[in-house]
Amino acid sequence: MSDPDATGDAAGATDQAIDAKVDAAETAALDLANVNDADRQAALHAIADAIDDNRKAIQSANAEDVETAEELLEAGEYTQALVDRLKLSDAKLDSIVEMVRSVAGQDDPLGETLVARELDEDLELYKLAVPIGVVGTVFESRPDALVQIAALAIKSGNSVMLKGGSEASESNRVLFELIREATADHDAIPEGWAQLVEARADVTAMLEMDESIDLLMPRGSSSFVEYVQDNTSIPVLGHTEGICHIFVDHEADLDMATEVAFDAKVQYPAVCNAVETLLVHESVAEAFLPQIVTRYAAADVAVRGDERTREIVDVAAASEADWETEYGDLIVAVKVVDSLDDAIDHITAHGSKHTESIISEDADRAGRFMRSLDSASVFHNASTRFSDGYRFGLGAEVGISTGKIHARGPVGLEGLTTYKYHLEGDGHLVATYAGDDPRPFTHKEFDGEWVPGELSK
């Protein structure tokens, strides 16, 4: 039996450690918000160089994680999709380096004047983009997510708490140390802006730090995201399942539909923007289904179809649960529908508001599909795999949000900023604009950038 006092001491030590890390991040956030873009860019290029120059060390650590994960895969505790997400190949490291440099090259999201408004003569109001502050992130088995999140955090002037999954612990430690050391060489970047969190108990502690952590971004299972949302008063930005759909309309180019549906499932099945359900208009089902099922079979995709699908092609039977399952694997559910409205109704009933696509040569029908769905991203004649911060030109993403408050879809730099108001006056008093004979406000928008202590007009 364990010693309860020892357990309590361990918990107390964990609390102290996470408190110290969050305090350091909070202090650094105030300084990082005032670091100029040139210094933030230089720090990002230093991170990219460090990763590029230390591939052997990264891949050695990653090999330990992958070996352990493959043992657990054989034991039935891990999925192949998780193991695939974990691996850092040369090509993956190339993309990580390119991603960091892409983030560095994005426009500076800070200090931009979003609104300039004259309230009265020599009384000017400015709405300015600023960092959120301290962002807490908890993410799944992909170690490249640690680099994405850290890169976006420093570019947007935010401190960040980085909690990766235990399955990627060795990879995450090496990547974090490279990032920390690379930015430590830049005097302008405050120490402590990024913190690595490893203990599971620290996540529970973070949920209670509403006075220090400004935003939480969990990336993981539905049950975990819901747990975070239910156990914190900190704003939470994230998504649960990525149950993405493609609808092949009766006006579709079927060759195009085959290529898009194949890409959306096979190009990288382990990610949240891969298609999970394929809806096919009944008038093209007999022509399209044999074509796509043959293509899927060549890539070892397991197809599960409804009764009407199975009347046309020889595939396994789909259950009701299949319509609400994120496989993250080479599995796809297929359903024949009678109409565009039926497709919309199915997605509305079973989707996760992530990403949907229609394949159709009829612009009006495509427009109705796109307007009628409440998903964060809706595409026409394109693979759902395009739902990605890098592909959207955001540099990278800290995650994909299926909510509607603050940010939606791939969350890049803009999603990591908020705003505040600066008011420049010349001794103005509210009393002037109140009472029996109040002076009226002018409330005129104008083009101008805020300059400390100066009036633009």
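Since the structure is predicted, the reported quantities are computational estimates derived from the model, not experimental observations. Counting starts from 1 at the beginning of each chain's written sequence and moves along it residue by residue. Local features in this predicted model are restricted to residues whose pLDDT is 70 or higher, and side-chain atom pairs enter the listing and the counts only when it is 80 or higher, whereas totals over whole chains, interfaces and linings include all residues. Water and hydrogen atoms play no part in the side-chain values, which are based on all heavy atoms of the structure.

1. Some words on the pairing of strand E12 (residues 355–359)
Moving on, step 1. Exposure classes here rest on a 1.4 Å probe applied to the protein chains alone. A residue is buried below 20% of its type maximum, exposed above 50%, and partly exposed in between. Numbered from the N terminus, helices here are DSSP runs of H or I no shorter than four residues, and strands are runs of E no shorter than two. Where burial is concerned, most of E12 is hidden: five out of the five residues are buried.
Moving on, step 2. Neither face of E12 is open: one carries Thr355, Ser357 and Ile359, the other Glu356 and Ile358, and all of them are buried.
Moving on, step 3. Strands pair, by our definition, only if DSSP identifies at least two bridges between them. Strand direction decides the pairing type here: strand E7 (residues 244–248) and E12, joined by four bridges, are parallel. In the strand pairing of E12, histidine 245 is matched with glutamate 356.
Moving on, step 4. Of the strand pairs in this sheet, E12 and strand E13 (residues 377–380) are connected by four bridges, and their pairing is parallel. Paired with isoleucine 358 across the bridge in E13 is histidine 380.
Moving on, step 5. Call a crossover right-handed when, viewed with both strands pointing away from you, the route from the first strand across the helix to the second goes clockwise. Tracing the backbone out of E12, into helix H14 (residues 363–372) and back to the parallel element E13 gives a crossover that is right-handed.

2. Some words on the pattern of salt bridges
Moving on, step 1. For this document, the term salt bridge refers to a Lys or Arg side-chain nitrogen within 4 Å of an Asp or Glu carboxyl oxygen. Counted under the stated rule, the structure contains 21 salt bridges.
Moving on, step 2. Between arginine 439 and aspartate 120 there is a salt bridge, with the nearest N and O atoms lying 2.4 Å from each other. Of this pair, arginine 439 sits in the loop between strand E16 (417–424) and strand E17 (444–445) while aspartate 120 is found in strand E1 (residues 113–120), placing the two residues 319 residues apart along the sequence.
Moving on, step 3. Among the salt bridges present, the one from glutamate 177 reaches arginine 180, with a minimum N-O distance of 2.8 Å. Of this pair, glutamate 177 and arginine 180 both sit in helix H7 (residues 169–184), three residues apart, roughly one helical turn.
Moving on, step 4. One connected set of salt bridges, linked through shared partners, spans Asp37, Arg40, Asp108 and Lys155.

3. Some words on the sheet that holds strand E4 (residues 159–163)
Moving on, step 1. With parallel pairing, the four strands of this open sheet are ordered in space as E5-E4-E3-E6. A single partner strand is all that each edge strand has here, and the edge strands are strand E5 (194–197) and strand E6 (215–218). Each adjacent strand pair in this sheet contributes to an overall mean axis angle of 15°, direction not counted.
Moving on, step 2. Where E4 meets E5, four bridges bridge the pair, whose relative direction is parallel. Paired with methionine 161 across the strands is glutamine 195, a residue of E5.
Moving on, step 3. When checking whether two residues touch, look at their non-hydrogen atoms; a contact exists if any pair is within 4.5 Å. In this analysis an axis means a line fitted to C-alpha atoms, helices contributing only their contacting stretch, and an angle means the value between N-to-C directions, from 0 to 180 degrees. Running over the sheet, helix H6 (residues 144–155) touches strand E3 (134–138), E4 and E5 and is turned about 170° from E4.
Moving on, step 4. Contacts from H7 reach E4 and E5 within the one sheet, and its direction differs from that of E5 by about 165°.

4. Quick word on the domain arrangement of the protein chain
Moving on, step 1. Source of the domain bounds: an automatic or database domain assignment. Entries for the protein chain in the domain assignment read domain 1 (24–230) and domain 2 (244–390).
Moving on, step 2. Relative placement of domain 1 and domain 2: their C-alpha centres are 33 Å apart.
Moving on, step 3. With six residues of domain 1 at the interface, the matching set in domain 2 holds four residues.
Moving on, step 4. At the boundary of domain 1 with domain 2, total buried surface from both sides reaches about 510 Å², with 53% on carbon and sulfur atoms.
Moving on, step 5. Buried area is a sum: the accessible area each of two parts loses on coming together, probed at 1.4 Å, counted once for each and added. The largest per-residue losses of area from domain 1 upon contact with domain 2 belong to Ala81, Arg85 and Glu98, which jointly make up 52% of the total buried on that side.
Moving on, step 6. Counting across the domain 1 and domain 2 interface gives zero salt bridges.
Moving on, step 7. N or O atoms closer than or at 3.5 Å make up a polar contact, with two conditions inside protein: a donor-capable atom paired with an acceptor-capable one, and, for residues adjacent in sequence, both atoms drawn from side chains. Between domain 1 and domain 2 we count two residue pairs in polar contact (both at pLDDT 80 or more) in total.
Moving on, step 8. Of all the elements in the fold, those that place two or more residues in the side of domain 1 that touches domain 2 are helix H4 (80–86) and helix H5 (90–104).
Moving on, step 9. Only Asp, Glu, Lys and Arg are considered charged in this grouping, and only Ala, Val, Leu, Ile, Met, Phe, Trp, Tyr, Cys and Pro are considered nonpolar; every other residue, Gly among them, is considered polar. When its residues are assigned to classes, the side of domain 1 that touches domain 2 shows one nonpolar, one polar and four charged.

5. Examining the side chain of threonine 417
Moving on, step 1. With respect to the helices and strands, threonine 417 occurs in strand E16.
Moving on, step 2. The exposure class assigned to threonine 417 is buried, which follows from its relative accessible area of 10%.
Moving on, step 3. Here threonine 417 is in contact with Pro109, Leu110, Val130, Ile132 and His406, once residues within four sequence places are set aside.

6. Some thoughts on the confidence of the model for the protein chain
Moving on, step 1. A residue's pLDDT is the confidence the predictor assigns to it, expressed on a 0 to 100 scale. When pLDDT is averaged across the protein chain, the result is 91; 96% of the residues are at 70 or more.
Moving on, step 2. In this model, residues 1–14 is a region of pLDDT below 50 whose contacts with residues beyond four sequence positions or in other chains number four contacts.

7. Comments concerning unusual backbone geometry
Moving on, step 1. Its identity as a non-glycine residue notwithstanding, asparagine 381 has a phi of 55°, on the positive side.
Moving on, step 2. Overall, asparagine 381 belongs to the partly exposed group, its relative accessible area being 24%.
Moving on, step 3. If you check the backbone angles, histidine 443 has positive phi at about 45° while not being a glycine.
Moving on, step 4. With respect to the helices and strands, the residue histidine 443 is situated in the loop between E16 and E17.

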